[in-house]
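Survey of secondary and tertiary structure
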Protein chains: 2
Amino acid sequence: MLEDVDARIVAALAEDGRCSFTELAERIGLSVSAVHQRVRRLERRGVITGYAALVATEQIGLPLTAFVSLTPVDPSVPGDHPAVLARFREIEACWAVAGLESYIVKVRVASPSALEQLLGRIRAAVAVSTRTTVVLSTAFEHRQVVPVPDAPGPQVALDGAAVDGAPLDGSTAR
Amino acid sequence: MLEDVDARIVAALAEDGRCSFTELAERIGLSVSAVHQRVRRLERRGVITGYAALVATEQIGLPLTAFVSLTPVDPSVPGDHPAVLARFREIEACWAVAGLESYIVKVRVASPSALEQLLGRIRAAVAVSTRTTVVLSTAFEHRQVVPVPDAPGPQVALDGAAVDGAPLDGSTAR
DNA sequence: ACTGAAATCCGTAATCG
DNA sequence: CGATTACGGATTTCAGT
């Protein structure tokens, strides 16, 4: 787990990945060099694994998002499915999951017909049957889940329901 | 859609969101000010919607990821479900989807019991039944899907299968 | 582990082509 | 739309506590 100061740094960088060390230091209440030192340590420890620009996929000609669940045709033949799936540009993420299906991948394509073609290529490449769930709209995505222990916590009722407009984060009062 | 230069800038920033304008300019082969100008334009146009540090959730005490599909108990009562769901810290993403269920949310929690409690709170807050798929492992995530038109393209066979070790991105030769 | 200072590098805007 | 210039501010390192 994370210490308070580190958690606040991670939360700040998760929200604004290009935040300067100077601004970060002001927000956290430490010197620039101390913050710098901690960020580098968080990177080395693998807490922060990288930085990314968030791209509106609709704006770059990929307006269709879908989740595709994969079920191997012959489960006795293993093979490194994720490695094969990683070679599809259209696949943004790949999870191995518990349940009827073995994998879920998230894909971004230009059109229904591009989706159809992609599904065909996936089935051919990894010998799976697919089940596809088309995304109608993205309410939010890439949101950050970093717990910030020292932040003034929301008032939370005993059953875990938030009292007013506070986040329903299930955190305990302290 | 995007112009070649913009696409390469977006791709570079998607891969390294903290990349300096100086380094970006070198990679793209433009002056710093030209790149600067283009990045600002991409931000203004909403192509780049933000920057984020990528955080290893296992490292911050949230090792359990799951997808939860939500089906409203009474579909005739609408209400702004995404807005309610957004108030749960544990929910990282929320999509409205086509199919039997209405929404899919991605959650990150500390443990199976934390998941159980979260599901209870979700069902209570938005009056849905839930179906949960636990993630066993994340092969990859947050990968970038930005098409880079001018990059030396992979040799692709007519059926769309890559010839050698190139990405199976279905791009056409030019 | 944090601070403060020094040297270098970068971001930003203005100006010109 | 891109290059050059110039200055203020940021990054990074290091010595000190």
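Residues numbered from 1 in each chain as written. Chains lettered and ligands numbered in written order. Predicted model: local features only at pLDDT ≥ 70, side-chain atom pairs only at ≥ 80, totals over all residues. Heavy atoms only, no water.

**Overview of the overall build of chain A**
Where we set the bar: In DSSP terms, a helix is any run of H or I states spanning at least four residues, a strand is any run of E spanning at least two, and both are numbered starting from the N terminus. Three exposure classes are used, based on accessible area relative to the maximum for each residue type with a 1.4 Å probe and protein chains only: buried under 20%, partly exposed in between, and exposed over 50%. The contact criterion used throughout is that any non-hydrogen atoms of two residues lie within 4.5 Å.
Along its length, chain A carries five helices and five strands. Reading chain A from its N end, one meets helices and strands in the order α-α-α-β-β-α-β-β-α-β. Expressed as a percentage of the 174 residues in chain A, the buried residues total 45%. If you take every contact in chain A between residues at least 6 apart in sequence, the share linking residues at least 24 apart comes to 60%.

**Let's talk about the UniProt feature "domain: HTH asnC-type" (unreviewed entry) in chain A**
Applicable threshold: UniProt positions are given in the numbering used here, feature names are shortened, and annotations may be inferred rather than shown by experiment.
Per the UniProt record, the feature "domain: HTH asnC-type" (unreviewed entry) sits at residues 2-63 of chain A. Helix makes up 53% of residues 2-63 of chain A and strand 13%, whereas the separation of the span's terminal C-alpha atoms amounts to 37 Å.

**Considerations on the protein's contact with DNA strand C**
The condition is simple: Near, as used in this document, describes a residue that has one of its heavy atoms within 4 Å of the molecule or strand being considered. Polar contacts, as used here, are pairs of N or O atoms within 3.5 Å; protein pairs need one atom able to donate a hydrogen and one able to accept it. Residues neighboring in sequence count only if both atoms are side-chain atoms. For this scheme, ten residues count as nonpolar: Ala, Val, Leu, Ile, Met, Phe, Trp, Tyr, Cys and Pro. Four count as charged, namely Asp, Glu, Lys and Arg, and the remainder, Gly too, count as polar.
Around DNA strand C, the structure places 13 residues, and the nearest of them are Ser31(A), Ser33(A), Arg38(A), Arg41(A) and Arg40(B). In the model, a phosphate oxygen of DNA strand C is placed 3.1 Å from a nitrogen or oxygen of the Phe21(B) main chain. Contact between DNA strand C and Thr22(B): a phosphate oxygen at 3.3 Å from a main-chain N or O atom of the residue. Sorting the residues of the surface near DNA strand C by element identifies α3 (32-44) of chain A together with α2 (21-28) and α3 (32-44) of chain B as the ones contributing at least two each. Examining the composition of the surface near DNA strand C, we find that five residues originate from one element, α3(A), more than from any other. Taken together, the residues that form the surface near DNA strand C break down as four nonpolar, six polar and three charged.

**Focus: the pairing of strand β3 (residues 91-97) of chain B**
How we decide: Here, strands pair whenever DSSP counts at least two bridges between them.
In terms of burial, β3(B) is largely enclosed, as seven of its seven residues are buried. When strand β5 (residues 128-140) of chain A meets β3(B), the two strands line up antiparallel, connected through four bridges. Looking at the pairing, Val135(A) lines up with Val97(B) of β3(B). Note that β3(B) and strand β4 (residues 103-109) of chain B share five bridges and pair antiparallel. Bridge pairing links Ala93(B) to Lys106(B) in β4(B).

**Thoughts on the packing of aromatic side chains**
As a reminder, the rule being used: Under the pairing criterion, centres of Phe, Tyr and Trp rings, with the six-membered ring standing for Trp, must be within 6.5 Å; the plane angle then separates stacked pairs below 30 degrees from edge-to-face pairs above 60, leaving the rest tilted. Here, a charge over a ring is recorded when the distance from Lys NZ or Arg CZ to the ring centre is within 6 Å and its angle to the ring normal is within 35 degrees.
Counting across every chain of the model gives three aromatic pairs over all chains. On the numbers, 5.9 Å between centres and 65° between planes, the contact of Phe67(A) with Phe67(B) is edge-to-face. In this pair, Phe67(A) sits in strand β2 (residues 64-72) while Phe67(B) sits in strand β2 (residues 64-72), so the two residues belong to two different chains. Here the aromatic rings of Phe67(A) and Trp95(B) are separated by 4.7 Å at their centres, their planes lie at 75°, and the arrangement is edge-to-face. Residue Phe67(A) is located in strand β2, and its partner Trp95(B) is located in strand β3; the two belong to separate chains. For the pair Phe67(A) and Trp95(B), a shared accessibility class is recorded, and that class is buried. These aromatic residues form a ring-pair network of at least three members: Phe67(A), Trp95(A), Phe67(B) and Trp95(B). The ring of Phe21(B) is capped by Arg18(A), whose NZ or CZ atom sits 5.1 Å from the centre of that ring.

**Some details on the relation of the copies chain A and chain B**
Relating one copy of the chain to the other takes a rotation about an axis and a shift parallel to that axis. Formally: Copy-to-copy superposition: least squares on the C-alpha atoms, limited to residues that have pLDDT of at least 70 in both copies.
Least-squares fitting of chain A to chain B yields an RMSD of 0.1 Å, with the transformation described by 0.0 Å of translation along the axis and a rotation of 180°. In short, the pair behaves as if placed about a two-fold rotation axis.

**Points about α2(B)**
Residue and element names in this part refer to chain B. Keep this limit in mind: Here the arc refers to the set of directions running from the helix axis out to each C-beta atom.
For α2, every residue scored as buried is listed here: Phe 21, Leu 24, Ala 25 and Ile 28. The arc enclosing the buried residues of α2, seen along the axis, measures out at 100°, which places them on a common side. Gly 29, located one to two residues past α2, shows a positive phi value of around 90°.

**Some details on the sheet that holds β4(B)**
Applied cut-off: Axis lines are fitted through C-alpha atoms, for helices just across the contact stretch, and the angle between N-to-C directions can take any value from 0 to 180 degrees.
Strand order in the closed barrel formed by eight strands is β2(A)-β4(A)-β3(A)-β5(B)-β2(B)-β4(B)-β3(B)-β5(A), and the pairing between neighbours is antiparallel. Ignoring which end each strand starts from, the neighbouring axes of this sheet average 35° apart. Most of the contacts of helix α5 (residues 112-126) of chain A go to β5(A), to which it runs at about 140°, and overall it touches β2, β3 (91-97), β4 (103-109) and β5 of chain A. Against the sheet, helix α5 (residues 112-126) of chain B touches β2, β3, β4 and β5 (128-140) of chain B, its axis set at about 140° to β5(B).

**Brief notes about the interface of chain A and chain B**
Heads up, the rule is: Put simply, buried area is the surface a 1.4 Å probe can reach on two separate parts but cannot reach once they are joined, added for both. The rule for a salt bridge is simple: a side-chain nitrogen of Lys or Arg has to be within 4 Å of a carboxyl oxygen of Asp or Glu.
Listed as interface residues are 75 residues of chain A and, on the opposing side, 75 residues of chain B. Between chain A and chain B, roughly 6600 Å² of surface is buried when both sides are summed, and carbon and sulfur atoms account for 58% of that area. Counting across the chain A and chain B interface gives zero salt bridges. At the junction of chain A with chain B, the criterion picks out 37 residue pairs in polar contact (both at pLDDT 80 or more). At the level of elements, α1 (4-15), β1 (48-55), α4 (81-85), β3, β4 and β5 of chain A are the ones that each hand at least two residues to the side of chain A that touches chain B. Looking at the side of chain A that touches chain B, the element that brings in the most residues is β5(A), giving nine residues. For the side of chain A that touches chain B, a count of residues per class yields 43 nonpolar, 15 polar and 17 charged.

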